[in-house]
Amino acid sequence: MSNKGRVAVVTGGDKGIGYHIALQLGSSGLFEHICITCQDHNQAQSVVDELQNQMPTGVNVCCSELVLGDTMSMAGFAKMVEERYSKIDVLVNNAGMAFTHSDPTPLEDQCKTTMNINFRGTCELTEKLLPLLRQGTDPRLINVISAEGRLSQLSEDRQMQFTDDNLTMDQLYSLVDEYERDVLARNHLEKGWGNSCYGMSKLALIAATKVWAHQEPGIKVDCCDPGYCKTDMTHMKGERDPADGAKCIVMPATMANPPTGQIFSDYMIASW
């Protein structure tokens, strides 16, 4: 496949795993344009220059400010991509956040922030960019998830709700809203929920991946667990180099005829 005009967008591509995803996509020979996002516009140009110097001739890198979860910021980013490229061939939803396990912030205070960024923000941005993905050539949507999004954190009844083949995005949002209400009421455990906001946000994103895979037959939609990598989010305590973790995400973004609605972990399709 020619890389002429092909566009890859990587959120949070200015550092860590996202940086290496952008670098590997640009080095794959399948894309002419690599568009990354960052929260700090003051660092944007230095990251672009660093990535650009490592790219093959003819691959162009740009960086745009994006605050995931901020409606105006996400709308502005979607407008920029549409005006500049008119389409997206691969979207990698890599940006996210996590409170550390030692953070003293009460769970009920962590909950809304985590869900607004990792789940609602990612979903809202994706919905804004789906029209551009539908215009892509062999389009792919890849959501970066975590092993903490495992189904086993939920009761059996809750598991059935999230794995229902007929689950819709509206129903998924309602489940997340219910989880938040139960956390605030401090009865989430007895209601069958897990005790990790980050884990719940990634579980909900896996469910969203499967919903989109059903709703968007023209787009290959998958999610990938890069493993426990040495990044700012893990305070460099991870066991895996972020470049290695990025390979797991780049694989379904670049391979021929990938499956859809699947979870990739350690370069293989994994169960939930």
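Residues numbered from 1 in each chain as written. Predicted model: local features only at pLDDT ≥ 70, side-chain atom pairs only at ≥ 80, totals over all residues. Heavy atoms only, no water.

Engineer: Sorry, what's going on with the overall build of the chain here?
Structural biologist: The helix and strand inventory of the chain stands at eight helices and eight strands. Here the chain has a C-alpha radius of gyration of 18 Å; the compact-globule value for 272 residues is 19 Å, and the two agree. For the chain, the spread of C-alpha atoms along the three principal axes comes to 55 × 40 × 35 Å. Within the chain, the proportion of its 272 residues that are buried is 53%. (Helix = DSSP H or I, 4+ residues; strand = E, 2+ residues; numbered from the N terminus. Rg over C-alpha atoms; globule rule 2.2 N^0.38 Å. Buried < 20%, exposed > 50% of the residue type's maximum accessible area, 1.4 Å probe, protein only.)

Engineer: What should I look at first to understand the packing of aromatic side chains in this one?
Structural biologist: To describe a pair of aromatic rings, you give the distance between the ring centres and the angle between the ring planes. One pass over the full model with this rule turns up three aromatic pairs. Ring plane angle 55 degrees and centroid distance 5.1 Å describe the contact between Phe-119 and Tyr-173, whose orientation is recorded as tilted. Of this pair, Phe-119 sits in helix H4 (residues 107-133) while Tyr-173 is found in helix H6 (residues 169-184), placing the two residues 54 residues apart along the sequence. Taking the relative accessible area as the measure of exposure, Tyr-173 reaches 25% and is therefore partly exposed. When the ring of Phe-162 is compared with that of Trp-193, the centres are 6.1 Å apart and the planes differ by 85 degrees; the resulting orientation is edge-to-face. One end of the pair, Phe-162, is in helix H5 (residues 156-163); the other, Trp-193, is in the loop between H6 and helix H7 (197-215), with 31 residues separating them in the sequence. On the basis of relative accessible area, Phe-162 is assigned to the buried category, the value being 2%. Of the residues examined, Trp-193 reaches a relative accessible area of 2% and is grouped as buried. An aromatic cluster of three or more residues is present, and its members are Phe-162, Tyr-179 and Trp-193. (Phe/Tyr/Trp six-rings, centres within 6.5 Å; stacked < 30°, edge-to-face > 60°.)

Engineer: What is the right way to read the environment of Asp-40 from this model?
Structural biologist: Its place among the elements puts Asp-40 in the loop between strand E2 (33-38) and helix H2 (41-52). A relative accessible area of 29% means that Asp-40 is categorised as partly exposed. The sequence separation of Asp-40 and Leu-66 amounts to 26 residues, and the corresponding C-alpha distance is 8.5 Å. A polar atom in the side chain of Asp-40 sits 3.0 Å from the backbone nitrogen of Asn-42. (Polar contact = N/O pair within 3.5 Å; in protein donor to acceptor, adjacent residues only side chain to side chain.)

Engineer: How should I be thinking about the side chain of Thr-37 in this particular structure?
Structural biologist: Structurally, Thr-37 can be placed in strand E2. Classification of Thr-37 by relative accessible area gives buried; the value is 2%. A polar atom in the side chain of Thr-37 sits 2.9 Å from the backbone nitrogen of Gly-12. Setting aside anything within four residues of it in sequence, one finds Thr-37 in contact with Val-10, Thr-11, Gly-12, Gly-13, Asp-14, Cys-63, Ser-64, Leu-66 and Phe-77. (Contact = heavy atoms within 4.5 Å.)

Engineer: Mind showing me how you'd approach unusual backbone geometry here?
Structural biologist: Even without a glycine there, the phi angle at Asp-138 is positive, about 50 degrees. Secondary-structure assignment places Asp-138 in the loop between H4 and strand E5 (140-144). Although it is not a glycine, Arg-186 sits at a positive phi angle of roughly 60 degrees. Here Arg-186 shows up in the loop between H6 and H7. Take Arg-186: its relative accessible area is 62%, and that puts it in the exposed class.

Engineer: Would you mind showing me how to read the packing of H4 against H7 here?
Structural biologist: Put simply, H4 and H7 touch, their axes get as near as 8 Å, and they point 20 degrees apart. With respect to H7, the axis of H4 lies roughly parallel. The two elements H4 and H7 cross, and the hand of that crossing is right-handed. When H4 is examined against H7, the residues Leu-107, Gln-110, Cys-111, Thr-114, Met-115, Asn-118, Phe-119, Thr-122, Cys-123, Thr-126, Glu-127 and Leu-130 are found in contact with a partner set consisting of Cys-197, Tyr-198, Met-200, Ser-201, Ala-204, Leu-205, Ala-208 and Trp-212. Grouping the constituent residues of the contact of H4 with H7 by class yields 13 nonpolar, six polar and one charged. (Axes fitted to C-alpha atoms, helices over the stretch in contact; angles between N-to-C directions. Parallel < 35°, antiparallel > 145°, perpendicular 65-115°, else oblique. Left-handed = near helix turned anticlockwise from the far one by under 90°. Nonpolar A, V, L, I, M, F, W, Y, C, P; charged D, E, K, R; others polar.)

Engineer: Even after reading the chapter, I still don't get the nonpolar core, so can you show me in this structure?
Structural biologist: When a protein is soluble and globular, its nonpolar side chains tend to lie buried together. The biggest cluster of nonpolar side chains holds 48 residues, and the ones touching the most others in it are Phe-77, Phe-162 and Leu-172. Counting only elements with at least two residues in this core, the list comes to strand E1 (7-10), helix H3 (71-85), H4, H6 and H7. A per-element tally of this core places H4 first, with ten residues. If you look at the next biggest cluster of nonpolar residues, it comprises 32 residues, including Leu-25, Ala-44, Val-61 and Cys-224. (Core = buried A, V, L, I, M, F, W, Y, C linked by side-chain atoms within 4.5 Å.)

Engineer: Quick question: what am I supposed to make of the pattern of salt bridges here?
Structural biologist: Under the definition given, this model contains eleven salt bridges. Residue Glu-180 is joined to Arg-120 by a salt bridge in which the shortest nitrogen-to-oxygen separation is 2.8 Å. In this pair, Glu-180 is assigned in helix H6 and Arg-120 in helix H4, connecting sequence segments 60 residues apart. An identical accessibility class is assigned to Glu-180 and Arg-120; each is buried. For the salt bridge of Glu-178 with Arg-158, the shortest nitrogen-to-oxygen distance reads 2.9 Å. (Salt bridge = Lys/Arg side-chain N within 4 Å of Asp/Glu carboxyl O.)

Everything listed here is a matter of geometry and, on its own, says nothing about what the molecule does.
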